[in-house]
Amino acid sequence: MPCPSRSDELVFFVNGRKVIERNADPEVTLLSFLRKNLRLTGTKYACGRGGCGACTVMVSKRDPTSQEIRHFSVTACLVPICSLYGAAVTTVEGVGSIKTRLHPVQERIAKSHGTQCGFCTPGMVMSMYTLLRNHPQPSEEQLLEALAGNLCRCTGYRPILASGKTFCLESNGCQQKGTGKCCLDLGENDSSSLGRKSDICTELFVKEEFQPLDPTQELIFPPELLRMAEDPEKRTLTFHGERVTWISPGTFKDLLELKAKHPEAPLILGNTSLGPAMRSKGHFHPILLSPARISELNVVSKTNDGLTIGAGCSLAHVKDILAERVSELPEEKTQTYRALLKHLKSLASQQIQNMASLGGHIISRHSYSDLNPILAVGNATLNLTSEEGTRRIPLSEHFLAGLASADLKPEEILESVYIPHSQKWEFVSAFRQAQCQQNALPDVNAGMRVLFKEGTDIIEDLSITYGGVGAATVSAHKSCQQLLGRQWDELMLDEACRRLLDEVSLPGWAPGGRVEFKRTLVVSFFFKFYLQVLQELKKLIKPFPNSRHYPEISDRFLSALEDFPGTVPQGVRRYQSVDSHQPLQDPVGRPIMHLSGLKHATGEAEFCDDIPMVDKELHMALVTSTSAYAKIVSIDLSKALEIPGVVDVITAKDIPGTNGTEDDKLLAVDEVLCVGQIICAVVAETDVQAKRAIEKIKITYEELEPIIFTIEDAIKHNSFLCPEKKLEQGNIEEAFEKVDQIVEGEVHVGGQEHFYMETQRVLVIPKTEDKELDIYVSTQDPAHVQKTVSSTLNIPINRITCHVKRVGGGFGGKIGRPAVFGAIAAVGALKTGHPIRLVLDREDDMLITGGRHPLFGKYKVGFMNNGRIKALDIECFINGGCTLDDSELVTEFLILKLENAYKIRNLRFRGRACLTNLPSNTAFRGFGFPQGTLVTESCITAVAAKCGLPPEKIREKNMYRTVDKTIYKQAFNPESLIRCWNECLDTSSFNNRRMQVEEFNKKNYWKKRGIAVIPMKFSVGFAATSYHQAAALVHIYTDGSVLVTHGGNELGQGIHTKMLQVASRELKIPMSYLHICETSTATVPNTIATAASIGADTNGRAVQNACQILLKRLEPIIKKNPEGTWEEWIEAAFEQRISLSATGYFRGYKAFMDWEKGEGDPFPYYVYGAACSEVEIDCLTGAHKKIRTDIIMDACCSLNPAIDIGQIEGAFIQGMGLYTTEELKYSPEGVLYSRGPDEYKIPTISDVPEEFNVSLLPSSHTPLTIYSSKGLGESGMFLGSSVFFAITDAVAAARKERDIAEDFTVKSPATPEWVRMACADRFTDMPEKRPENDSLLNSAPTHEHPGRPQPSGFNFRRRGRVWEGEWVEGSVRKGLGTDVSNFLGTGGGPGEGRRMKPDQISRLDSGVGAAAPAARSRGGCPGRNAGRGVPRGSTDGGSGRGRPSSSPVRPG
Ligand SMILES: Cc1cc2nc3c(=O)[nH]c(=O)nc-3n(C[C@H](O)[C@H](O)[C@H](O)COP(=O)(O)OP(=O)(O)OC[C@H]3O[C@@H](n4cnc5c(N)ncnc54)[C@H](O)[C@@H]3O)c2cc1C
Ligand code: FES
Ligand code: FES
């Protein structure tokens, strides 16, 4: 089949408009085409890997079989445009617009407050819109499923779901787990003021105002495409790109001919496997064969003995086919289909399932494949076709292992897959455990099938296959063979487990590491299967008269069988309504929608990279270090400069001014300090050229020593960034002498990636005159960008204007870093004279920019037997990374905030920031508080355990009660703290539920529940008065419209909305008169970073001041004409030459801290709160579900309850991520592995607690702030720890029952791995031979058996009055490869500190060891750089992905 040299025309439709692309490039994705070619920028780039849903669009096609139009959501970043021939694409712009007509989905998501930064919103809209196109009245479960692949880092998802629910079939109240009660019915026991108050509102939007959904208004499928589909083109279509040719045959015959001609060319279906591999692994295929138009690959046929599914069917279609078969056939025949359906529920997102094909899934043979293990045990066969004919091969272990003899020949294609029915006496099950329930690749999965001799429990056939435990899906064939003929009993179970562990060996290596966990899952899954089958057998065998008698399995053990079903979250939000006398027009205190809400929802809100291409614009890509600590020996740019389109490479030599600071360079010179440090930057005509060029830059390094990654190593090498920070009160040593008991312990808290949805980006436009520059940048601190660019270019600040329209999420990560990117791009702009656009890929963003500091804390607490704490000594170390950045300030804040809500007379808090060879960690929501306070709260839990009291009693006993002074002698009144705590206990019915949890735990052995309530005293603001100043500029124009500008940046937190609420109240005009266009250094100079929860407070005061000045000027006019209109007054003022422009200024809250004396008034005020969470854990897998969370927060008089509740919910969910799923993984060489949503798991919509209630404390006031409001941006973060402590409560219950020490190392995040291994049982210790008669079902755990391997953990020993915590290394079992589960100093992990093999993955956060003298310091320390590197050999490396440094020192 000749391949024409000219490209065919690619025809498809976008939003009803025909697109004819004459030079379609197969490497161009739909996302890039929409954004760059069609200028439809509503569809966003956030990950480029199909993992976040920000780029979701709807594709419609006519199904050739059913003749129906199918609508499905896809992630545009993985869709090659060439795959769209004959398709209709709908983007957010095609759904509706502010200019024409809003779609109900857009209207409702905005009005339900489902948007904050708005970067995820178009994707959310498109997922919901597609759902409604297919199901105009979906169920809540369908809604949850549709949104599971869309990440949002701001809202916490609850309001997004609320908007979607308005389309759902009416649900029956909130269905509180079958109680028949609604959470709005506050019950007789609810004595809280929230329950009694009549001025409490529970609605944040008025559903009745929403326009109805009218399906007849939707865009129709283009008639031209319909005609094309009715008479399909049979000709082969070819699209030639720059490097790749796409061939799409029209007939099956042509496809086979092409495959014979190009056997090396892959078939491209969903591109969900090929695409990511081409993007991140550098796979390259010059020819791609697309069988999209071959209907033979979509044939489905049902026979009496099985089901044949075409290889081209999408996984979503496979789901429908299987569901249909399950509904048609008797249960015994559908065992395999049910197992497949179970995994299809959690396999990837709806978008990926719509794109991915069954054939692509099978042929990709990913080791984590969720379907292959089930298809293998289900005896599926593959129907292969080539020009030579057809043949069948089994989907066997050999095929899965890629053995040539069992594989496809290069010229063959997979036509279809045959899956036989199961039969009577046959059972098939599927198991899966991932970091989180939904949208996460599995750690381990399994398919298991057993067939019994009819009427018996004798095993006739057995197959077990595991995924995630090796390079390919692994079959335990040998073990299964050895068990044939055995009875299904405990002896078999015991033997099977040991054989499985022998056969499925993970000798020190497994994809993703976690070897011990994976081994435990291997047997835990089999145990679940054993129980499941036992239950079924009992039902089947009963009628047989001579059948074996089965021992009854006690109900307690049956809890092993239940999975956690996905549940649609419910809940209620309560806030105090405004005073009934407040004028209707006054918006303060009302739940006003985010100003940009509707624009977010229509895609019309412009983010930095949505700014249209400017004339002569060039693109920049960064070259980063691949070495953690090395001398740069040489940089060879020659090959990169040869690449067509490459204009220049910017190095440190090109910087005309200062290159950052001595310790924190913008571009590396001579030396690199971490993997990811920026060395140079390529400037090219396109981003693709720039990215290709960076791969060609050759950098030679000479490695230096010592390389330090962990806190443990930093302490050993005395490697610190700044001096110790210390606070002390009372006499701690004396107090320890007088207490009844003392406990010592350690706490490890991992780092956190900001994962703002909009990666770092900047556009620098040089002007022709006077060296002026316009900089459009996504930042929380434009003044800092401006200042850094000024010093880098050596031009005055007044030539540089920074513009911030809106930021797609910051969370502290866009305070310091944007200045680095802005400055490097500005150097490029100056050197080339062209505008420069720099947009970081998600991988680069995660690699280069640091995040939250990991923390290692040691505590010693002395207390009386009644739980009263008399002395507390905490020492914390944070991992600061390779430059100072904010680490000194984070240490200070950490120490200041460690006491949380507790009054302890004798205290000593010490903190140090470690200098390591990791990217510099920086500001992150909460600024040290979420890590540090976990140490304090863990200490409370340890005291409770020792006193035999519940932790809440210890909390209550030690909480501040009356007006008092903190450790730094700042006076405060804890009244609201106590109120929040009591309200939280009341509204959550804590005491009753504590009893219910205990009852549940008594009745269930394999599932445990835990409950925890946590108080919070969170200090707001910066510890310096000058950081609290703010300014605003308000112009009134002659038509009466008002332009407000202030120094705060819109990060999604709704600051602009709040500012207009303030201006509206002050000027007494409706908000519709007011406008904010951007934050700019030209209108308000010398601004402070929008951070520390204080932005709305301080800028609000400045706006208020400006408005009051203006109103004062207008007063005489108003007095003269009191009945006049606003417009008339303004006109008159203009006539009378009264200035209609005013600057407002707020000098700042007084704040200072004297570290010498350990005294000060560092914080303007505190936010108080409390949260109660309940969870259930699966002790066999480590999974957990969040049953309920109740939050009470003291917002005083909220400026905008919708926004404030949104901040609380969003921060809480982000905190929950920190403490449960978000885990950074590094190689032993310090390379961050977790660089995208597939490896780094932020919470998804399925992680929201099943019941989630948030209330603002009523009748609370503060005289200090604007309208008595409070800043709530950060505080909710720490309340996420209530989930963590509920999990540890459940783990403690499991350990208690198993008679294991209730104390264990506190390590955050509490991942499934940690939970599973902490719930130590027989399966965690399986390889050890157990004594006879030791039943797996009914017995106590084995830890008391001598010689049994111990799980690693922190054990307490009592010496007199002193409990000493000691890390006990789990005894190493032969072949277990415990070294792989090492944490490189994550601390607390098994095998801490051991060296890993290069391909093993570790979590590098903290750790501790004995201090050693060789000082190495940077930043504020004496003897800076004392430990400069010693050469230790030379390596030759290409460019890498790295991270810069430098930034101001301020909290975020
Ligand atoms: C964000 C994301 C999340 C994911 N999550 C999961 C998950 O949780 N669990 C899981 O199991 N998987 C997951 N996956 C993987 C996904 O299931 C596979 O990528 C997908 O099934 C591959 O199908 P495809 O049609 O996209 O294949 P493509 O990428 O189009 O092709 C893949 C390979 O299959 C070959 N091929 C395709 N069809 C044929 C055929 N008919 N004959 C011969 N060769 C063929 C191609 O030549 C190519 O080599 C995820 C993927 C992504 C992107
Ligand atoms: S950008 Fe496409 S899924 Fe994230
Ligand atoms: S609103 Fe969802 S990511 Fe910001």
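Cut-offs and rules
Residues numbered from 1 in each chain as written. Chains lettered and ligands numbered in written order. Predicted model: local features only at pLDDT ≥ 70, side-chain atom pairs only at ≥ 80, totals over all residues. Heavy atoms only, no water. Helix = DSSP H or I, 4+ residues; strand = E, 2+ residues; numbered from the N terminus. Contact = heavy atoms within 4.5 Å. Areas by Shrake-Rupley, 256 points an atom, 1.4 Å probe, with all protein chains shown as cover. pLDDT = per-residue confidence, 0-100. Core = buried A, V, L, I, M, F, W, Y, C linked by side-chain atoms within 4.5 Å. Buried < 20%, exposed > 50% of the residue type's maximum accessible area, 1.4 Å probe, protein only. Near = heavy atom within 4 Å. Polar contact = N/O pair within 3.5 Å; in protein donor to acceptor, adjacent residues only side chain to side chain. Nonpolar A, V, L, I, M, F, W, Y, C, P; charged D, E, K, R; others polar. Pairing = 2+ DSSP bridges. Axes fitted to C-alpha atoms, helices over the stretch in contact; angles between N-to-C directions. Salt bridge = Lys/Arg side-chain N within 4 Å of Asp/Glu carboxyl O. Expected span 1.5 Å × (residues − 1). Disulfide = S-S within 2.5 Å. Phe/Tyr/Trp six-rings, centres within 6.5 Å; stacked < 30°, edge-to-face > 60°. Right-handed = clockwise from strand over helix to strand, strands pointing away. Arc of directions from axis to C-beta.

Enquirer: Tell me about the overall build of the protein chain, residues and numbers included.
Expert: Helix and strand counts for the protein chain come out as 40 helices and 53 strands. Taking as baseline every contact in the protein chain between residues at least 6 positions apart, the subset at least 24 positions apart corresponds to 78%. Carbon and sulfur atoms form 51% of the exposed surface of the protein chain, whose accessible area is close to 49400 Å².

Enquirer: I'd like a description of the confidence of the model for the protein chain, backed by residues and values.
Expert: Averaged over all residues, the pLDDT of the protein chain is 90; the fraction at 70 or higher stands at 88%. Within the model, the stretch residues 172-189 combines pLDDT values under 50 with 25 contacts to residues more than four positions away or in other chains.

Enquirer: If you had to explain the nonpolar core to someone new, which residues and values would you point to?
Expert: Tyr466, Trp488 and Phe526 are the most contacted members of the largest nonpolar core, which totals 263 residues. At 15 residues, helix α19 (residues 515-541) tops the list of elements feeding residues into this core. Excluding residues within four positions of it along the chain, Tyr466 makes contact with Val444, Asn445, Ala446, Met448, Thr473, Val474, Leu500, Val504, Val522 and Phe526. In this structure, Cys82, Leu340, Ile393 and Leu414 belong to the second largest nonpolar core, which totals 73 residues.

Enquirer: Would you mind going over the site of ligand 1 in detail, with residue names and values included?
Expert: What surrounds ligand 1 is a group of 32 residues, the closest being Leu269, Thr272, Leu274, Ser357 and Asp370. A distance of 2.9 Å is found between an oxygen atom of ligand 1 and a backbone nitrogen or oxygen belonging to Gly270. Between ligand 1 and Asp370, the relevant distance is 2.8 Å, taken from an oxygen atom to a main-chain nitrogen or oxygen of the residue. Against a free-state accessible area of 980 Å², the protein chains account for coverage of 92% of ligand 1. Going through the elements one at a time, α14 (358-364) and β14 (413-420) are the ones with two or more residues in the shell around ligand 1. The dominant element in the shell around ligand 1, judged by the number of residues it contributes, is α14, at 5 residues. Split by residue class, the shell around ligand 1 holds 18 nonpolar, 11 polar and 3 charged.

Enquirer: Summarise the sheet that holds strand β1 (residues 10-14); cite the residues concerned and give the values.
Expert: The mixed open sheet is built from 5 strands, whose spatial order is β2-β1-β5-β3-β4. Each end of this open sheet is capped by a strand with a single partner; those strands are β2 (17-21) and β4 (69-75). Neighbour to neighbour, the strand axes of the sheet diverge by 30° on average, direction disregarded. With 7 bridges joining them, strand β3 (residues 56-62) and β4 adopt antiparallel strand pairing. Among the inter-strand pairings, Lys61 is bridged to a residue of β4, identified as Arg70. Across the sheet, helix α1 (residues 30-37) lies against β1, β2, β3 and β5 (88-90), angled at about 105° from β2, the strand it touches most. Running over the sheet, helix α4 (residues 121-134) touches β3, β4 and β5 and is turned about 30° from β3.

Enquirer: Can you lay out the sheet that holds strand β39 (residues 1030-1036) for me, pointing to particular residues and giving the numbers?
Expert: With mixed pairing, the 4 strands of this open sheet are ordered in space as β41-β40-β39-β43. Of all strands in the sheet, those bounded by a partner on one side alone are β41 (1074-1075) and β43 (1141-1146). The pairing of β39 with strand β40 (residues 1042-1046) spans 5 bridges and is antiparallel. Paired with Ile1036 across the two strands is Val1042, which belongs to β40. Lying over the sheet, helix α35 (residues 1095-1120) contacts β39, β40 and β43, oriented at roughly 140° with respect to β43.

Enquirer: Can you explain the environment of Ser127? Please cite residues and give values.
Expert: Take Ser127: it is sitting in helix α4. The buried category is assigned to Ser127, whose relative accessible area is 3%. For the pair Ser127 and Leu143, spaced 16 residues apart in sequence, the C-alpha separation works out to 9.0 Å. Discounting residues that sit within four places of it in the chain, Ser127 has contacts with Thr56, Ala146, Leu147, Asn150 and Gln351. A distance of 3.4 Å separates the side chain of Ser127 from the side chain of Gln351, its partner in a polar contact.

Enquirer: Account for the pattern of salt bridges, with residues named and values stated.
Expert: In this structure the tally under the stated criterion is 80 salt bridges. Two residues, Asp713 and Lys716, come together in a salt bridge whose shortest N-O distance is 3.6 Å. Note that Asp713 and Lys716 are positioned in helix α24 (residues 711-716) at a spacing of 3 residues, about one turn of the helix. Looking at Asp713, the relative accessible area reads 21%, which means it is partly exposed. Judged by its relative accessible area of 38%, Lys716 is partly exposed.

Enquirer: So what's going on with helix α18 (residues 490-503)? Residues and values would help.
Expert: Taking 1.5 Å of rise per residue, 14 residues should cover 20 Å, and α18 covers 20 Å from first to last C-alpha, within 8% of that figure. Turning to α18, its buried residues number three or more, namely Met492, Leu493, Asp494, Glu495, Ala496, Cys497, Leu500 and Leu501.

Enquirer: Give a detailed account of the pairing of strand β27 (residues 725-729), specifying residues and quantitative values.
Expert: What you see with β27 is a clean split: Lys725, Leu727 and Gln729 sit on the buried side and Lys726 and Glu728 on the side with no burial. Pairing of β27 with strand β35 (residues 906-915) involves 5 bridges; the strand directions are antiparallel. Opposite Lys725, over in β35, you have Gly911 as the bridge partner.

Enquirer: Could you give an account of the state of the cysteines, naming the residues involved and the relevant values?
Expert: One pass over the full model with this rule turns up 0 disulfides. Free cysteine Cys1319: the closest other cysteine sulfur is in Cys1179, separated by 4.1 Å. Classification of Cys1319 as buried rests on a relative accessible area of 0%.

Enquirer: Let's hear about the environment of Arg1101: which residues, and what values?
Expert: In this fold, Arg1101 is placed in helix α35. Put simply, Arg1101 and Gly1144 are 43 residues apart on the chain and 8.0 Å apart in space, counted from C-alpha to C-alpha.

Enquirer: How would you explain the packing of aromatic side chains if you had to name every residue and give the values?
Expert: Enumeration according to the criterion identifies 35 aromatic pairs in this entry. Considering the side-chain rings of Phe856 and Phe877, the 6.4 Å spacing of their centres and the 20° angle between planes classify their relative orientation as stacked. Of this pair, Phe856 sits in strand β33 (residues 855-863) while Phe877 sits in strand β34 (residues 869-881); the two residues are 21 residues apart in sequence, bridging distant segments of the chain. For Phe856, a relative accessible area of 0% puts it in the buried group. Under the relative-accessibility criterion, Phe877 is labelled buried at 6%. The interplanar angle of 80° and the centroid separation of 5.1 Å between the aromatic rings of Phe929 and Phe1018 together place this pair among those described as edge-to-face. With Phe929 in helix α30 (residues 929-947) and Phe1018 in strand β38 (residues 1007-1020), the pair connects residues that are 89 residues apart, well separated along the chain.

Enquirer: Quick rundown of the pairing of strand β30 (residues 773-777)? Include the residues and the values.
Expert: Burial analysis of β30 places 4 of its 5 residues in the buried class, the great majority of the element. The turn linking strand β29 (residues 761-766) back onto β30 is made up of 6 residues, and Asp770 within it adopts a positive phi angle of 55°. Where β30 meets strand β31 (residues 800-804), 4 bridges bridge the pair, whose relative direction is parallel. Note on β31: the bridge partner recorded for Asp774 is Thr801. Following the chain from β30 across helix α26 (residues 782-793) to the adjacent parallel β31, one finds a crossover that is right-handed.

Enquirer: Run through the side chain of Arg1188, naming residues and quoting values.
Expert: Tracing the backbone shows Arg1188 in strand β47 (residues 1184-1193). Take Arg1188: its relative accessible area is 12%, and that puts it in the buried class. One polar contact links Arg1188 to Asp1190, side chain to side chain, over a distance of 2.7 Å. Beyond its immediate stretch of four places on either side in the chain, Arg1188 contacts Thr987, Ser988, Arg993, Cys1172, Ser1173, Glu1174, Pro1249, Glu1251 and Asn1253.

Enquirer: Give me the lowdown on helix α36 (residues 1126-1135), citing residues and values where you can.
Expert: A turn of α-helix holds 3.6 residues, and therefore any two residues three or four places apart point the same way. All of the buried residues along α36 are Trp1126, Trp1129, Ile1130 and Ala1133. Considered in projection along α36, the buried side chains sweep an arc of 100° and stay on one side of the axis. Those residues of α36 that are exposed and angled more than 90 degrees off the buried face are Glu1131 and Glu1135. Buried-residue contacts for α36 involve β39, β40, α34 (1055-1067) and α35. Within two residues after α36, Arg1137 carries a phi angle of roughly 55°, on the positive side.

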